[in-house]
Amino acid sequence: MHKSLIAKAFQLATAARNTCPPNPAVGCVIADSEGQLLGAGHTQPVGGPHAEIMALRDAQALGHSVVDATAYVTLEPCSHHGRTGPCCDALIAAGIQRVVATNTDPNPLVAGQGFARLRAAGIEVEVLAAEDPQAIAARELNIGFFSRMIRKTPWVRMKIAASLDGKTALDNGRSQWISSPSARTDGHAWRARSCAVLTGIGTVLQDNPRLDVRLVDAPRQPKVIIVDSNLQTPVDAAIFMPGRDVWIYTATQSVPRRRGLEASGATVVFLPGTRADGSPTGKVDLAAMLLDLGRREINELHVEAGHRLNGSLIREGLVDELLIYLAPKLLGQGRDMATWGPLSDLEQALQLDFRSTTMVGPDVRLIARVTGQDVF
């Protein structure tokens, strides 16, 4: 019985995925001993109630008592005061008898303390085994949150649209449009679930992209991150929109350029890279940037960049997953997906695990995960 109720909770969590970041997407259902649904809810936008509170409120609105009931939740109920109060205390006060959860919360402020508080109050707690398919699915849904809590960096997903021979643009830079309208719409859905979209200054100067979500419903627009070592971003670039966060990472301290971009609404972050001997590289320290994005509560980072920045991220081991749309066409000479190397041995190749292959219109969507990157 509990598997079907956890499945319902997972369905609710999925519905919250695009609205609740940086909080994890969590679903909760409350049922009586016969499995009859008493209340249900999911995480609200940041600052709003968590899933457990919504489920308790739903039960109350329906006139149902939850005393001696069971709460099925897709993540450990929180035990700390953050933007909201502890959910475990609310469950205890409501008279819940049993809690079934898919995963322990990776947040160091929780990390089992919610379960401990529930058990101390006499509530039976069951946590699914880590290898349980429902536990795996719930973790995958929030892989960016798990990454940020455990590794202190976002989950980095690199999106690439390419021809079958791996070209993302012609030699002259033209790339619109290699993939189909269906693939572009699907790509916007992946943008919508991310906390931020990252690109490089080359893409900004060549394409002047908006990098917003337009082709699917988007209750929340992701932030925009620009890697711009020399602060060349035009102050009237299309990425600047009212009320939208734009963070520009740079390796230069040019005050006039910084002030001009800040006047356009950007947050400029100085993070220069250095070589082993301490000399400056003139480039942004990409590893330090990811740590900074983690501190700024970015869970999933969606990369849509050119071959140079893609190559730099891959070379430094900073990419977790590839989202690739392959169009049924050949371009011959052109720009590659990513440029780094050259490698001297095949053993140095980036090892990937294919996770899914899906037809999206006439294109093939491949999701490939860098081997071992999800072990944390």
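Preceding this paragraph is the structure being described.
Residues numbered from 1 in each chain as written. Predicted model: local features only at pLDDT ≥ 70, side-chain atom pairs only at ≥ 80, totals over all residues. Heavy atoms only, no water.

A. Examining the side chain of T70 more closely. Among the structural elements, T70 can be located in strand 3 (residues 70–73). Since its relative accessible area comes to 9%, T70 is described here as buried. Leave out the neighbours within four places in its chain, and T70 touches V29, I30, A31, R98 and V100. (Helix = DSSP H or I, 4+ residues; strand = E, 2+ residues; numbered from the N terminus. Buried < 20%, exposed > 50% of the residue type's maximum accessible area, 1.4 Å probe, protein only. Contact = heavy atoms within 4.5 Å.)

B. Layout of the sheet that holds strand 6 (residues 155–163). Within the open sheet, the nine strands sit side by side as 11-10-9-8-14-6-15-18-17. Their pairing is mixed. Sheet topology places strand 11 (266–270) and strand 17 (352–360) at the edges, where each strand pairs with a single neighbour. Across the sheet, the mean angle from the axis of one strand to that of its neighbour is 20 degrees, orientation sign disregarded. As defined by bridge partners, strand 8 (residues 196–200) adjoins strand 14 (residues 300–303) across three bridges and the pair is classed as parallel. Considered in strand 14, the bridge of L198 is made with V303. Sheet strands in contact with helix 7 (residues 181–193) are strand 6, strand 8, strand 14, strand 15 (321–327), strand 17 and strand 18 (363–370), and its direction is about 165 degrees off that of strand 15. (Pairing = 2+ DSSP bridges. Axes fitted to C-alpha atoms, helices over the stretch in contact; angles between N-to-C directions.)

C. View of a nonpolar patch on the surface. Judged by side-chain polarity, W340, L343, L350 and L352 come together as a nonpolar surface patch covering roughly 310 Å² of accessible area. Judged by its relative accessible area of 33%, W340 is partly exposed. (Patch = residues over 30% accessible without salt bridge, like charges linked within 9 Å, V, L, I, M, F, W, Y side chains within 5 Å. Areas by Shrake-Rupley, 256 points an atom, 1.4 Å probe, with all protein chains shown as cover. Salt bridge = Lys/Arg side-chain N within 4 Å of Asp/Glu carboxyl O.)

D. View of the pattern of salt bridges. All chains considered together, the criterion is met by 21 salt bridges. In this structure, the salt-bridge partner of R98 is E124, at a minimum N-O distance of 3.6 Å. Placement of R98 in strand 4 (residues 98–101) and of E124 in strand 5 (residues 124–127) is noted, with a sequence separation of 26 residues between them. Judged by its relative accessible area of 46%, E124 is partly exposed. Look at the salt bridges and you will find they share partners, linking E140, R157, R193, E300, E321, R355, R369 and D374 into a network.

E. Representation of the pairing of strand 11 in the model. By the bridge criterion, five bridges tie strand 10 (residues 246–250) to strand 11 in an arrangement that is parallel. If you follow W247 over to strand 11, its bridge partner there is T267. Handedness of the β-α-β unit built from strand 10, helix 9 (residues 255–263) and strand 11 comes out right-handed. (Right-handed = clockwise from strand over helix to strand, strands pointing away.)

F. View of helix 1 (residues 2–16). Here helix 1 is 15 residues long and its end C-alpha atoms lie 21 Å apart, about the 21 Å a rise of 1.5 Å per residue gives. Among the residues of helix 1, L5, I6, A9, L12, A13 and A16 are the ones counted as buried. Each buried residue of helix 1 sits inside an arc of 115 degrees when the element is viewed along its axis, so together they form one side. Exposed and oriented more than 90 degrees from the buried face of helix 1 are Q11 and A15. Where helix 1 is buried, its residues contact strand 1 (27–31), strand 2 (37–42), strand 3, strand 4 and helix 5 (133–141). (Expected span 1.5 Å × (residues − 1). Arc of directions from axis to C-beta.)

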